[in-house]
Amino acid sequence: FKGDQFGSGFTEINPNSKIPALLDYDHSDETLPEGEPIRVFESGSVLLYLAEKFDPSVPEGMRFLPPTSKPALRAECLNWLMWQMGSAPNLGGAFGHYYRYAPVKIEYAIDRAAMEVKRLFDVLDRHLGGLDGGEEKAWVCGDVYTVADIAIYPWFVNMFK
């Protein structure tokens, strides 16, 4: 499958040519012609879509996306999910590229990206450790494991490899 996301078939699903992307044929959207799938692309959108689709059948305490009946918890979850969407390009994109893959090592680019990565780790560490005025947390939304944790973990843990 290497490189398949750049083909015309895939760009019909995700015009940005990136993974993940999915087509959902098992939906009840009456605004679409019968048999036409719902396309979902970009990691945050996929996580939200799947959580909203499947979480209602899961007991409330085990849901990945807090329900609308808990607006503060839901907002906190979405805050951290969007934080990850905005910060991941700095982790894997800028720093990962300049430090590991760039054919020419440019000290300023590496230092600038490393500084931002350190800042992002500090934001997350202070939040989880309760150093931002809150309590120590097991997960970004407290004791609830959410789509925000699912999104954040792989980007941050892979910085140590």
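Just so we're clear, the structure is a prediction, and the values are computed from it rather than from any experiment. (Residues numbered from 1 in each chain as written. Predicted model: local features only at pLDDT ≥ 70, side-chain atom pairs only at ≥ 80, totals over all residues. Heavy atoms only, no water.)

Draft legend 1. Local environment of the packing of aromatic side chains. Considering all chains together, one arrives at 6 aromatic pairs under this definition. On the numbers, 5.5 Å between centres and 15° between planes, the contact of W83 with F156 is stacked. Note that W83 is positioned in helix α3 (residues 71-101) and F156 in helix α5 (residues 147-157), a separation of 73 residues in sequence. Here the aromatic residues W80, W83, F121 and F156 are joined through ring pairs into a cluster of three or more. (Phe/Tyr/Trp six-rings, centres within 6.5 Å; stacked < 30°, edge-to-face > 60°. Helix = DSSP H or I, 4+ residues; strand = E, 2+ residues; numbered from the N terminus.)

Draft legend 2. View of a nonpolar patch on the surface. Judged by side-chain polarity, F64, W139 and Y145 come together as a nonpolar surface patch covering roughly 270 Å² of accessible area. Along the chain, F64 turns up in the loop between α2 (43-54) and α3. Residue classification places F64 among the partly exposed residues on the basis of a relative accessible area of 34%. (Patch = residues over 30% accessible without salt bridge, like charges linked within 9 Å, V, L, I, M, F, W, Y side chains within 5 Å. Areas by Shrake-Rupley, 256 points an atom, 1.4 Å probe, with all protein chains shown as cover. Salt bridge = Lys/Arg side-chain N within 4 Å of Asp/Glu carboxyl O. Buried < 20%, exposed > 50% of the residue type's maximum accessible area, 1.4 Å probe, protein only.)

Draft legend 3. Broad picture of the packing of α3 against α5. Two elements in contact, α3 and α5, have axes whose closest approach is 8 Å; the angle formed by their N-to-C orientations is 20°. It follows from the interaxial angle that α3 and α5 lie roughly parallel. Note that α3 runs across α5; the crossing there is left-handed. Residue-level inspection shows C77, W80, L81, W83, Q84, M85, A88, L91 and G92 of α3 in contact with α5, the latter providing V147, A148, A151, I152, W155 and F156. Each residue belonging to the contact of α3 with α5 can be placed in one class, and the counts come to 13 nonpolar, 2 polar and no charged. (Axes fitted to C-alpha atoms, helices over the stretch in contact; angles between N-to-C directions. Parallel < 35°, antiparallel > 145°, perpendicular 65-115°, else oblique. Left-handed = near helix turned anticlockwise from the far one by under 90°. Contact = heavy atoms within 4.5 Å. Nonpolar A, V, L, I, M, F, W, Y, C, P; charged D, E, K, R; others polar.)

In short, shape yes, function no, at least from these values alone.
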